[in-house]
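Remarks on the overall topology
Now for the letters of each chain:
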Amino acid sequence: MTNDSSHDSNGQPDGQAMWGGRFSAKPAELMQAINVSIGFDRRLASQDLAGSRAHAAMLRQQGVISRGDEAEIQQGLATIEAEMATGTFPYREEFEDIHMNVEARLRELIGPTAGRLHTARSRNDQVALDFRLWVREACDRTVGQLKALQLALVQKAEANADTLMPGFTHLQPAQPVTFGHHLLAYVEMFGRDAGRFSDARRRMNESPLGAAALAGSPFPIDRDQTAQALGFDRPTANSLDSVSDRDFALEGLAAATLCGVHLSRLAEEIVIWTTPQFGFIRLSDAFTTGSSIMPQKKNPDAAELIRAKVGRLLGSFTQLTVVMKGLPLAYSKDMQEDKVPTFEAFDALELSLLAMTGMIHDLEPVPARMAQAAGAGFSTATDLADWLVRTLDMPFRDAHHVTGQAVKRAEALGCDLSELPLADLQALSQGITADIYEVLTPRASAASRKSYGGTSPDQVRAQAARWKDKLK
């Protein structure tokens, strides 16, 4: 018989892990280094405690453990939670991960009763649960952050429903639009992003707890009880899939990547708009930095850094995809590599969303510069063609040709379409009258686009009102 002196304070033989009964020697240092995960999975601490509480309550309800055992376990878990809140919890690499750290500390606090908590569960379903809970919470946070960004955009759009700017295709002047309309385009994009996170959350909202290692449990557990206690809609229906699935993380990362693409596009426009060549907006000192050598510089670094974050997001999605693509069922240690990219991606996304929201509140348009640019590049040419169709009943292709000739004539004279002499226009089509000048200003052009979802100020205000109501 081994005497007590050969055991550590956790009831384990000296130098052995909590799973070490099968082994006669401890792992090599390199094995310990590559295997340990407490350095990053400690972020799952609150989720691990929540799962353990629900599991202990269910075990007692089902008569697997006694009421007294559950009370001790719950009290020990409460003590651990308090230690974590005050920063006194002893995270130790010798116990590899957050699950073993919690169990080891629980054993120190309440003795052998702690060993009953792991009845009818495995670290496989435990980590699947904890990670799923974390990703679910991250999706919820992201939806809230997206709504805050959308609201900032809607408020700025409503205030600029009449502010003219050029609309671009190929980054060339196309047609006049309003700044409010342009901002609302991003509200739509971020609305789809929020929908993707919400949709992913609905799909991931099934509890893997009770799947145990891979085959389920012979104990009379109640998986519906633990699922309900943890806010899930139902338990997962297949124990193999339960412990091997990381679709929930992949879906979250895919949604994060698309959201990052949208953030990057908006960031790119902010970078362009703040250049002296455009001069459409100004950012305050709060979201810009200077140069160490050029005293005149005011750089939109916040926007540039957001623009770069999509690389981190896509990298995380790709990394986890590669980890998962060749794994047989069920759990493999490769899946330990699922957390770092997911944590990093959601950290980067959160920072980007908060910074972008701050910039949108902060930026101020320069209406005079925008309006001047709105008329550049013969941006009302389409309005001329539309007038020919509406007023002269000219087929659009013919109107397109006449308008192209008008643009060519204006270029030759060095003037805009609105400055082209009536005689020159009538030389192209005899039916043209002076009324045509009413549609050749950028403001008239934007105001005429009254179709649903168009750029007219009335439509912008209507869409802003719709989104404000939706975001309540």
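All figures in this text were calculated on a predicted structure; none of them were measured in a lab. (Residues numbered from 1 in each chain as written. Predicted model: local features only at pLDDT ≥ 70, side-chain atom pairs only at ≥ 80, totals over all residues. Heavy atoms only, no water.)

**Let's talk about the pairing of strand β1 (residues 164–169)**
In this sheet, strand β2 (residues 172–178) lies alongside β1 in antiparallel orientation, the contact comprising six bridges. Residue pairing across strands places Leu-164 opposite Thr-178, the latter belonging to β2. Connecting β1 to the next strand, β2, in antiparallel fashion are two residues, including His-170 with a positive phi near 60°. (Pairing = 2+ DSSP bridges. Helix = DSSP H or I, 4+ residues; strand = E, 2+ residues; numbered from the N terminus.)

**What to know about the confidence of the model for the chain**
Mean pLDDT over the chain stands at 92; residues scoring 70 or higher make up 94%. Note that pLDDT drops below 50 for residues 1–11; the model gives that stretch 16 contacts with residues more than four away or on any other chain. (pLDDT = per-residue confidence, 0-100. Contact = heavy atoms within 4.5 Å.)

**Regarding the packing of aromatic side chains**
For the structure shown, the criterion picks out ten aromatic pairs. Between Phe-168 and Phe-278, the ring centres sit 6.1 Å apart and the planes meet at 55°, which makes this aromatic pair tilted. Taken together, the positions of Phe-168 in strand β1 and Phe-278 in the loop between α10 (247–273) and β5 (281–282) put the pair 110 residues apart, joining distant regions of the chain. Exposure remark for Phe-168: the relative accessible area of 26% places this residue in the partly exposed category. One aromatic cluster in this structure is built from Phe-131, Trp-134, Phe-197, Phe-248, Phe-343 and Phe-346. (Phe/Tyr/Trp six-rings, centres within 6.5 Å; stacked < 30°, edge-to-face > 60°. Buried < 20%, exposed > 50% of the residue type's maximum accessible area, 1.4 Å probe, protein only.)

**What to know about the nonpolar core**
Membership of the largest hydrophobic core comes to 90 residues, with the highest contact counts inside it found for Leu-153, Phe-197, Leu-263, Ile-270, Met-356 and Ile-360. In terms of residue count, the dominant contributor to this core is α10 (14 residues). In this view, Met-356 contacts Leu-149, Leu-263, Leu-266, Ala-267, Ile-270 and Ile-306; residues no more than four positions away in its chain are not counted. Formed by 20 residues, the second largest nonpolar core is a distinct cluster that contains Ala-385, Ala-406, Val-407 and Leu-440. (Core = buried A, V, L, I, M, F, W, Y, C linked by side-chain atoms within 4.5 Å.)

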